[in-house]
Amino acid sequence: HSKSSGKGRITWYDDELDAQRTRKQAIETGIREGLKRGEFDVVYQPIIEARHGTIASVEALVRWPRRPEGELVPDQFIALAESSGLIQALGQFVLRRACQEMGDFPNVRLSVNISPAQFRDVAFESKVADILAETGFPAQRLELEVTEGNLIENPERAIAAVAALKALGVTIALDDFGTGYSSIGYLRRYDFDKIKIDKSLASQVDRDPQAAALVAGTVNIANALGLAVTAEGVETEDHVRLLRLAGCQYLQGYYFSRPKPLHDVLGLPAEKAAVRA
Ligand code: C2E
Ligand code: MG
Ligand code: MG
Ligand code: MG
């Protein structure tokens, strides 16, 4: 590398970083304004009871379809909402909307994702209690999904938050299991009710014997600890068969339904929701 070409590269990167920063700020402003303007929606994906093929619960997932610049997927905007502090407002919007809509379906439970930045707020559990009181949604029907990220940064705070939420009657699931580091340690430290095996692991059961062995082992560990298991990313009949065989109590994925407006999901014909043995 000549000196001048090296210099050129640095300048190019600087421009690129500036462009990234500007784009990031534009999305943050967009989230703030979008919340005020009602640009966000909540869609729901059914979680199927593996043995009976019935809908046990639905997972609420945020969408931003009315973004003026074009739709972004959650993986693109959640991280920015987190780093800018807007995740509190966005998260409360999702929880409130989901609790309101679910009031019409008394036999189905509700799962809502909680990001690490929401846990950081020591008022988080009282905000959850407020939203439950305001919407009349029973705490016993609510499950909050946390990831390893919620637990790593401040374990003391996470333990307190989990305990306070469980005292309300809310259940807690550890999401994206199998993607992180020492997840088994977390199972001892926290009072979870459920493990959700990530789709990157669960969806390999039909082609990767090691993935199949890890799923079976996870189910055994979970059950020994009194935890239920949901498999994510269930896309084919083979997945259904093998994940049931491995002992997963709940199944979730495109095989049953993509995330949709609530009335479309809970209006699902019984034969579509039924698991074929
Ligand atoms: P997650 O909580 O693990 O949610 C499951 C994701 O997998 C969803 O993606 C869902 O649409 C997708 N999925 C479900 N079944 C299948 C399948 O069979 N195959 C494949 N390939 N994908 C499937 P989505 O909706 O794009 O959300 C991505 C992530 O963004 C979520 O992962 C969650 O971490 C986060 N997220 C979404 N909504 C919220 C929210 O309201 N609050 C927070 N904090 N995070 C959210
Ligand atoms: Mg989730
Ligand atoms: Mg997940
Ligand atoms: Mg995820």
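Since we're looking at a predicted model, the values are computed, not measured.

Q: Explain the overall build of the protein chain here, please?
A: For the protein chain, the count of helices and strands is 13 helices and eight strands. A globule of 277 residues ought to have a C-alpha radius of gyration of about 19 Å, and the protein chain, at 20 Å, matches this closely. Counting only C-alpha atoms and orienting by the principal axes, one finds that the protein chain spans roughly 65 × 50 × 40 Å. Sorting the 277 residues of the protein chain into buried and exposed places 44% on the buried side. Considering only residue pairs separated by 6 or more positions, the protein chain has 67% of its internal contacts joining residues 24 or more positions apart. Treating the 33 positive side-chain charges of the protein chain as one cloud and the 38 negative ones as another, the clouds have centres 2 Å apart.

Q: What exactly am I supposed to notice about the coordination of the magnesium ion (ligand 2) here?
A: For a metal bound by four donors in tetrahedral geometry, the ideal donor-metal-donor angle is 109.5 degrees, whereas six donors in octahedral geometry ideally sit at 90 or 180 degrees. Around the magnesium ion (ligand 2), the donor atoms from the protein are Glu59 (OE), Asn113 (OD1), Glu145 (OE) and Asp175 (OD), and they sit 2.0 to 2.2 Å away. Every donor residue of the magnesium ion (ligand 2) comes from the same chain, spaced as E-x53-N-x31-E-x29-D. Between the magnesium ion (ligand 2) and the magnesium ion (ligand 3) the interatomic distance comes to 4.1 Å, and Asp175 is a ligand of both metals. Placement of Glu59 in strand S2 (residues 55-63) and of Glu145 in strand S4 (residues 142-146) is noted, with a sequence separation of 86 residues between them. Each member of the pair, Glu59 as well as Glu145, is classed as buried.

Q: Please explain the sheet that holds strand S7 (residues 228-231) as it appears in this structure.
A: Here eight strands make up a closed barrel; going around it, the order is S1-S2-S3-S4-S5-S6-S7-S8 and the pairing mixed. As paired elements, strand S1 (residues 41-49) and S2 share eight bridges and run antiparallel to each other. Residue pairing across strands places Asp41 opposite Arg63, the latter belonging to S2.

Q: Where do I start with the environment of Lys24 in this structure?
A: Mapped onto the fold, Lys24 is located in helix H1 (residues 3-37). The class for Lys24 is partly exposed, based on a relative accessible area of 38%. Along the backbone, Lys24 and Asp130 are 106 residues apart, and their C-alpha atoms lie at a distance of 32 Å. Non-local contacts of Lys24, meaning those with residues more than four positions away in its chain, are made with Leu80 and Ser83.

Q: When you look at the side chain of Thr230 in this model, what are you seeing that I'm missing?
A: Mapped onto the secondary structure, Thr230 falls in strand S7. With residues up to four places along the chain from it excluded, the contact list for Thr230 reads Ile47, Lys194, Ile195, Lys196, Ile197, Tyr250, Leu251 and Gln252.

Q: I keep staring at the site of ligand 1 and nothing clicks. Help me out?
A: Contacts to ligand 1 come from 22 residues, most closely from Arg63, Asn113, Lys199, Glu235 and Tyr254. With respect to ligand 1, the side chain of Glu232 contributes an N or O atom lying 3.4 Å from an oxygen atom. Residue Glu235 places a side-chain N or O atom 2.5 Å away from a nitrogen atom belonging to ligand 1. Counting only elements with at least two residues in the shell around ligand 1, the list comes to S2, helix H2 (74-83) and strand S5 (171-177). For the shell around ligand 1, the element with the most residues is S2, which contributes four residues. The residue makeup of the shell around ligand 1, split by class, is eight nonpolar, six polar and eight charged.

Q: It is not clear to me how the nonpolar core should be interpreted in this structure. Could you clarify?
A: Soluble globular proteins tend to bury their nonpolar side chains together. Residues Leu110, Leu142, Leu144 and Phe192 are the most contacted members of the largest nonpolar core, which totals 75 residues. The element that contributes the greatest number of residues to this core is helix H3 (residues 87-102), accounting for eight residues. Apart from residues no more than four positions distant in its own chain, Leu110 is found in contact with Tyr44, Ser57, Val58, Ala60, Ala98, Cys99, Met102, Phe137, Arg141, Leu142 and Glu143.

Thresholds applied
Residues numbered from 1 in each chain as written. Chains lettered and ligands numbered in written order. Predicted model: local features only at pLDDT ≥ 70, side-chain atom pairs only at ≥ 80, totals over all residues. Heavy atoms only, no water. Helix = DSSP H or I, 4+ residues; strand = E, 2+ residues; numbered from the N terminus. Rg over C-alpha atoms; globule rule 2.2 N^0.38 Å. Buried < 20%, exposed > 50% of the residue type's maximum accessible area, 1.4 Å probe, protein only. Contact = heavy atoms within 4.5 Å. Lys, Arg positive; Asp, Glu negative; His and termini not counted. Charge placed at Lys NZ, Arg CZ, Asp CG, Glu CD. Donors = N, O, S within 2.8 Å, 3.2 Å for Na, K, Ca; no water. Pairing = 2+ DSSP bridges. Near = heavy atom within 4 Å. Polar contact = N/O pair within 3.5 Å; in protein donor to acceptor, adjacent residues only side chain to side chain. Nonpolar A, V, L, I, M, F, W, Y, C, P; charged D, E, K, R; others polar. Core = buried A, V, L, I, M, F, W, Y, C linked by side-chain atoms within 4.5 Å.

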